[in-house]
Protein chains: 2
Amino acid sequence: MAGNGQRATLRTVAERLGISVSTVSRALSGQGGRYRIRPETVGAVRAAAADLQFRPDPVARGLRMRRTHSLGLVVPDAANPFFAEIAASVADAARLRGHAVLLCDSRETTEREAEAVRLLMDRKVDGLIVCPVGLRADHLEACRAGGLPVVVADRIVGSPPLPFVAADNAAGGRMAAAYLVKRGHRRIGLLQGLPGSTPNEERKTAFLAELARHGIPRRLVPVAGEEFSEAAGAGAASALLDRHPGLTALFALSNVVAMGALRVLAARGISVPRDLSILGFDDHPYAALLATPLTVIAQPVEDLGRRAAETLFDRIEGRAPSRARAAVRLPVRLVERASVAAQPPDATKGTRP
Amino acid sequence: MAGNGQRATLRTVAERLGISVSTVSRALSGQGGRYRIRPETVGAVRAAAADLQFRPDPVARGLRMRRTHSLGLVVPDAANPFFAEIAASVADAARLRGHAVLLCDSRETTEREAEAVRLLMDRKVDGLIVCPVGLRADHLEACRAGGLPVVVADRIVGSPPLPFVAADNAAGGRMAAAYLVKRGHRRIGLLQGLPGSTPNEERKTAFLAELARHGIPRRLVPVAGEEFSEAAGAGAASALLDRHPGLTALFALSNVVAMGALRVLAARGISVPRDLSILGFDDHPYAALLATPLTVIAQPVEDLGRRAAETLFDRIEGRAPSRARAAVRLPVRLVERASVAAQPPDATKGTRP
DNA sequence: ATGGCTTGCACAAACGATTGTGCTGATACA
DNA sequence: TGTATCAGCACAATCGTTTGTGCAAGCCAT
């Protein structure tokens, strides 16, 4: 071991052995056979490289190869447990492949997201995983056009859709409706997230359709909410409570929306599930420890990140043509806790809420 | 605008103007004055660059300049709300400086942490923010020795300590003790995290000292727990409850430890704070919505990340010599909710628990 | 002995930026 | 007229890799 301060480069190794850099490069990259390097030479190179603790410089390699072995991850809010878990699982998947993860937080704005995408493209990441904020996807389409593999997670954007990994939102919506009905609820309010976004529309549409199948037409189901945020969830809950006092249950289309609702219920002294039942979309680590353990439709968040990374690697490594459409749907499941009460069948069935 | 598919390089710009790359480089980097480039030339270069949408390649620049304008962030668990929020604030601070953030998750093991540090050093990050897992810090000392700026956050490691940004743990310990005593508690158990780690020792020492000042000697304060994890917190809570049934309050030294304790209390049907009071270290977004809104010693988590990034940039940009010791302490505060009951003064005062 | 084939490696050109050092023409000055 | 000075730019090396091609030496066959 020759720890002479400076980092070893190919040249260091080559000079020590009195051979050329190209030979060293080929010997180390396993191209010894293809380029007819003598096995003894390869052995000597390996030994010298190990001895000098040679590690190829990813920056130089990136310049030459136009591949940086890194990928970009853009999330709307890195502090949100949902995206934090996605980040964790993406980081893990990337590590296994020897890739680095460049993390950007779009702070829930499309401008920041576009800026992040530009930054990451400039940095020559090999691929991009984006949990898009909103509805437009020009900047993402541009990546695809530029030949940069992109996979979106959670939400689906673009037409035709960009390759995506998402939860089976429709199934979740149906399960939610069926469950609430089974528990005897018929006057149900819907706390939605961002209207027009895929998770919102898929969940909402399936939910309303399933309610309709059970004899509750959609005009009897009040809907409120304008985005996926705690504040919007609180606002939506307040609005619904004020305008439709007869509701017995609320279905919140995301974890933060549910949390916003819980805060206003707590503030108003409304007891869950005695006075009002709540069903949420998205689980989170502390849902079971809440004042009322929250019953939820849980997404497999960790899988979401892992599958997104795998889908991306398929494209990066050319196993899937980058023009191919990937469409991965992950199953959701109902986690029954205590926030949805069994509602005694009542006479007001079908009453306009 | 000439969108001819390929990205513009310095050469593209130079050729369009019929001048050399070096002139273009200097004109764009504001070195026009130092190198006596004619102002009209500079203007023409700027215009052409804008027209061609030239953006310098960070990879090539990184190779030449040995500065990548990126920084590494290593956390023990990216999905933990505490570290997720640190990640979010670091990402934001980095964005403001035009730096990218490379995120690594050490999964709470020192080996992974060392591996991550190696990866990041290889990638030539300009600096490193590490939330260390454990007690040893050889790999971090090695960075410092190698001239790579390092700042540790949350925990303090190394001797002499690496530059750090941490909460005022001792003050937190004192506040906790004083508060519990003020509420009438005298038989108190301590649920610790990783023994030997700085947050743990600072919090514990100050807590026990303050209790002693109030006439509760440390031999009367049972301590359990071996690491900062929910499982360990649960185990420690079980052990304390079994061996010291007379306790009226528990002080948990981290958020996850408190959560573990809450789970066993819930499982055992012990009501908080009626049967037992709980005080936690670390706030989190949903603490107020828990079955019993948790009273905590809150750390300014966002500041922790931001200050760590700022401290790092000071070193990267040479404002602080990298041999200088940075030692930033951030104030903590008591957030009073409902998990600590006022304990009636009792006759068993001083009784061995 | 000579031509051709293989073996085993070296040379050099990229990749795209930065930067020290020339080099040329014009002006100024003696 | 000769030369010193300066403006204004070009040339080329460099960072550390990868990779197409060239080129000697050895071997075989004729």
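None of these values were measured; they are calculated from a predicted model.

Each value, and the rule that gives it
Sequence order as written defines the numbering, with residues in each chain counted from 1. By the order in which they are written, chains take letters starting at A while ligands take numbers starting at 1. The predicted nature of this model means local features are confined to residues of pLDDT at least 70 and side-chain atom pairs, given and counted, to a pLDDT of 80 or more, with totals for whole chains, interfaces and linings taken over all residues. As a convention, hydrogens and water are excluded, and side-chain values are obtained from all of the structure's heavy atoms. Copy-to-copy superposition: least squares on the C-alpha atoms, limited to residues that have pLDDT of at least 70 in both copies. A pair of strands counts as paired when DSSP detects no fewer than two bridges linking them. Secondary structure elements follow DSSP: runs of H or I no shorter than four residues count as helices, runs of E no shorter than two count as strands, and numbering proceeds from the N terminus. Residues count as neighbours in contact if any of their non-hydrogen atoms are within 4.5 Å of one another. Each axis is a line fitted through C-alpha atoms, and for a helix only the stretch in contact is used; angles between axes span 0 to 180 degrees, taken between their N-to-C directions. For classification purposes, angles smaller than 35 degrees are called roughly parallel, those larger than 145 roughly antiparallel, those between 65 and 115 roughly perpendicular, and all remaining angles oblique. In this count, Pro and Cys sit with the nonpolar residues alongside Ala, Val, Leu, Ile, Met, Phe, Trp and Tyr, while Asp, Glu, Lys and Arg are called charged and the others, Gly among them, polar. Left-handed describes a crossing whose near helix is turned anticlockwise from the far helix through less than a right angle; right-handed describes the clockwise counterpart. Buried surface area refers to the total accessible area, computed with a probe of radius 1.4 Å, that the two partners give up upon joining, counted for both partners together. A pair is scored as a salt bridge if a Lys or Arg side-chain nitrogen falls within 4 Å of a carboxyl oxygen belonging to Asp or Glu. Whenever two N or O atoms come within 3.5 Å, that pair is a polar contact, provided that in protein one can donate a hydrogen and the other can accept it, and provided that, for residues adjacent in sequence, both atoms are side-chain atoms. Burial classes follow relative accessibility: with a 1.4 Å probe on protein chains only, a residue under 20% of its type's maximum area counts as buried, one over 50% as exposed, and anything between as partly exposed. The handedness of a crossover follows from its direction of travel: if, with the strands pointing away from the viewer, the path from the first strand over the helix to the second runs clockwise, the crossover is right-handed.

**A closer look at the relation of the copies chain A and chain B**
Line of reasoning, step 1. The operation relating chain A to chain B is a screw motion whose rotation component is 180°, with 0.0 Å of axial translation and a residual RMSD of 0.1 Å. The transformation relating the two chain copies, once decomposed into turn and shift, fits a two-fold axis. In terms of proximity to the rotation axis, the leading residue of chain A is A:Ala291, whose C-alpha is 1.6 Å off the axis.

**Observations concerning the sheet that holds strand β6 (residues 188-191) of chain A**
Residues and elements named next belong to chain A.
Line of reasoning, step 1. Sheet architecture is open: six strands sit in the order β7-β6-β8-β9-β10-β12, paired in mixed fashion. Every interior strand has two partners, whereas the edge strands, β7 (223-224) and β12 (333-335), have only one.
Line of reasoning, step 2. Sheet analysis places strand β9 (residues 277-281) next to strand β10 (residues 295-298), joined by three bridges and oriented parallel. Among the inter-strand pairings, Phe281 is bridged to a residue of β10, identified as Ile297.
Line of reasoning, step 3. In this fold helix α10 (residues 230-243) packs onto β6, β7 and β8 (249-252), with an angle of close to 155° to the strand it touches most, β6.
Line of reasoning, step 4. Its contacts with the sheet put helix α11 (residues 255-268) on β6, β8 and β9, and the angle it makes with β9 is roughly 155°.

**Description of the packing of helix α2 (residues 21-28) of chain A against helix α3 (residues 39-51) of chain A**
Residues and elements named next belong to chain A.
Line of reasoning, step 1. Close contact between α2 and α3 brings their axes to 9 Å; oriented N to C, the two are set at 90°. The angle between α2 and α3 places the two elements in the roughly perpendicular class. Of α3, the residues touching α2 (which contributes Thr23, Val24, Ala27 and Leu28) are Thr41, Val42, Val45, Arg46 and Ala49.
Line of reasoning, step 2. Looking at the contact of α2 with α3 residue by residue, the class counts come to six nonpolar, two polar and one charged.

**With respect to the packing of helix α6 (residues 110-122) of chain B against helix α7 (residues 138-145) of chain B**
Residues and elements named next belong to chain B.
Line of reasoning, step 1. α7 packs onto α6 with a crossing angle of 20° between their chain directions and a minimal axis gap of 9 Å. The orientation of α6 with respect to α7, classified from their angle, is roughly parallel. Both α6 and α7 take part in a crossing whose hand is left-handed. In this structure, α6 uses Thr110, Glu113, Ala114, Val117 and Met121 to contact α7, whose residues at the interface are His139, Leu140 and Cys143.
Line of reasoning, step 2. In the contact of α6 with α7, the residues fall into five nonpolar, two polar and one charged.

**Quick look at the interface of chain A and chain B**
Line of reasoning, step 1. On the side of chain B, 47 residues touch chain A, which itself brings 47 residues to the contact.
Line of reasoning, step 2. Roughly 4,400 Å² of surface becomes buried between chain A and chain B when both sides are summed, with 59% attributable to carbon and sulfur atoms.
Line of reasoning, step 3. At the surface where chain A touches chain B, the tally comes to 10 salt bridges.
Line of reasoning, step 4. Among the ionic pairs, A:Asp122 bridges to B:Arg55, the shortest N-O distance being 3.0 Å.
Line of reasoning, step 5. Along the contact surface separating chain A from chain B lie 18 residue pairs in polar contact (both at pLDDT 80 or more).
Line of reasoning, step 6. Only α4 (58-65), α5 (81-96), β2 (100-105), α6 (110-122) and α11 of chain A provide two or more residues apiece to the side of chain A that touches chain B.
Line of reasoning, step 7. The leading source of residues in the side of chain A that touches chain B is α5(A), at eight residues.
Line of reasoning, step 8. The class makeup of the residues in the side of chain A that touches chain B is 23 nonpolar, eight polar and 16 charged.

**Overview of the pairing of strand β8 (residues 249-252) of chain B**
Residue and element names in this part refer to chain B.
Line of reasoning, step 1. Covered by surrounding structure in β8 are Ala249 and Phe251 together with Leu250 and Ala252, the residues of both alternating faces.
Line of reasoning, step 2. By the bridge criterion, four bridges tie β8 to strand β9 (residues 277-281) in an arrangement that is parallel. Bridging across to β9, Leu250 finds its partner in Ile278.
Line of reasoning, step 3. Crossover β8 to β9 through helix α11 (residues 255-268) is right-handed.

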